[in-house]
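Geometric and topological summary
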Amino acid sequence: MGQVKKELVMRRDGVLPGDKICVIGAEMGLFWAAVLKRLHPDIHLDETSLYEADNALFRPIPRIREGIALAESRAATACMDSSDGVCGCLHELANVNRLDLVIHSDRLKPCSLVQQAAQQADIDPRKLILSWGGWELVCTIRPEQLPRVKSLIESFGALFMEIGDVCEGVGKVWLKEEERTGPLANFASERFCGTSFFTHGLQSYMDFLRQQPLMMA
């Protein structure tokens, strides 16, 4: 299907303590805003917002240009696509590299459209942006490279969000919220588990999103 120069391959391993955790792409959670609207017809979204959500649902944009530019910048220590969920990427990167990832709750900023849909569906909007269905890139970047990469990605018209830090640890993902820090729940798309929508359907997964705390005890 193609080839890539060895030095430009972006892998899941290679993360270093001190790296910044970043997400590249569109507004996270738009996919779920569209899904919620279809599952719950009483959810109200204005025509412009519905069109924007439908684009994320029916016409997702893979971040190929941004990925190539990121690879050529040599600034990323690791990178994954988020088709199974931003949260799933975080847990995978932590586990593969045996390092801890600390996500800052105040940096998880859902756009207005996602907030509207989540509020009407009684779901924490941060769960929607961490769930699956998007086509963002989740990567780790050395802190001194952050301004350069941010400028590069935004030159494509894509969003760039820094959401956390990498530190020494054993392969866990933590959520820091004000004075509290606890394990971040995993809202990834998984098979053969109690939360799998493949087995139990979307409504069961919706119940999981409503009931599962963002920060585990």
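Below is a short write-up of the structure. (Residues numbered from 1 in each chain as written. Predicted model: local features only at pLDDT ≥ 70, side-chain atom pairs only at ≥ 80, totals over all residues. Heavy atoms only, no water.)

Our focus in this paragraph is helix H4 (residues 86–97). With twelve residues, H4 should cover 16 Å at 1.5 Å per step; its first-to-last C-alpha distance of 17 Å lies within 8% of that length. Every buried residue belonging to H4 is among Val86, Cys87, Gly88, Cys89, Leu90, Leu93, Ala94 and Asn97, and all of these are buried. One or two residues past the end of H4 sits Arg98, with phi positive at roughly 55°. (Helix = DSSP H or I, 4+ residues; strand = E, 2+ residues; numbered from the N terminus. Expected span 1.5 Å × (residues − 1). Buried < 20%, exposed > 50% of the residue type's maximum accessible area, 1.4 Å probe, protein only.)

The strand order across the open sheet built from seven strands is S2-S4-S1-S5-S3-S6-S7, with neighbouring strands paired in mixed fashion. Of all the strands in the sheet, just strand S2 (76–81) and strand S7 (180–183) have a single pairing partner and so form its edges. Neighbour-to-neighbour, the strand axes of this sheet turn through a mean angle of 30°, independent of strand direction. Two elements, S2 and strand S4 (residues 137–141), share five bridges in a ladder whose sense is antiparallel. (Pairing = 2+ DSSP bridges. Axes fitted to C-alpha atoms, helices over the stretch in contact; angles between N-to-C directions.)

What follows covers empty space enclosed by the protein. Using the criterion set out here, one finds two cavities of 30 Å³ or more in the structure. One number sums up the size of the largest cavity: a volume of about 50 Å³. In terms of lining, the largest cavity is formed by Met28, Gly29, Phe31, Trp32, Leu128, Ile129, Ser131, Trp132, Gly133, Gly134 and Glu136. Within the residue set of the lining of the largest cavity, elements represented by two or more residues are helix H1 (30–39) and helix H6 (125–130). Among the residues forming the lining of the largest cavity, the class breakdown is six nonpolar, four polar and one charged. Taken as a whole, the second largest cavity holds about 40 Å³ of empty space. Every residue along the wall of the second largest cavity is listed here: Val23, Ile24, Gly25, Ala26, Glu27, Met28, Glu136, Leu159, Phe160 and Met161. Secondary structure elements with two or more residues in the lining of the second largest cavity: strand S1 (20–25) and strand S5 (159–168). Broken down by class, the residue content of the lining of the second largest cavity amounts to seven nonpolar, one polar and two charged. (1 Å grid on protein atoms, 1.4 Å probe; cavity = no way out; pocket = protein on both sides within 12 Å on 5 of 7 lines; lining within 4 Å. Points joined across faces, edges and corners; volume = space filled by probe spheres on them. Nonpolar A, V, L, I, M, F, W, Y, C, P; charged D, E, K, R; others polar.)

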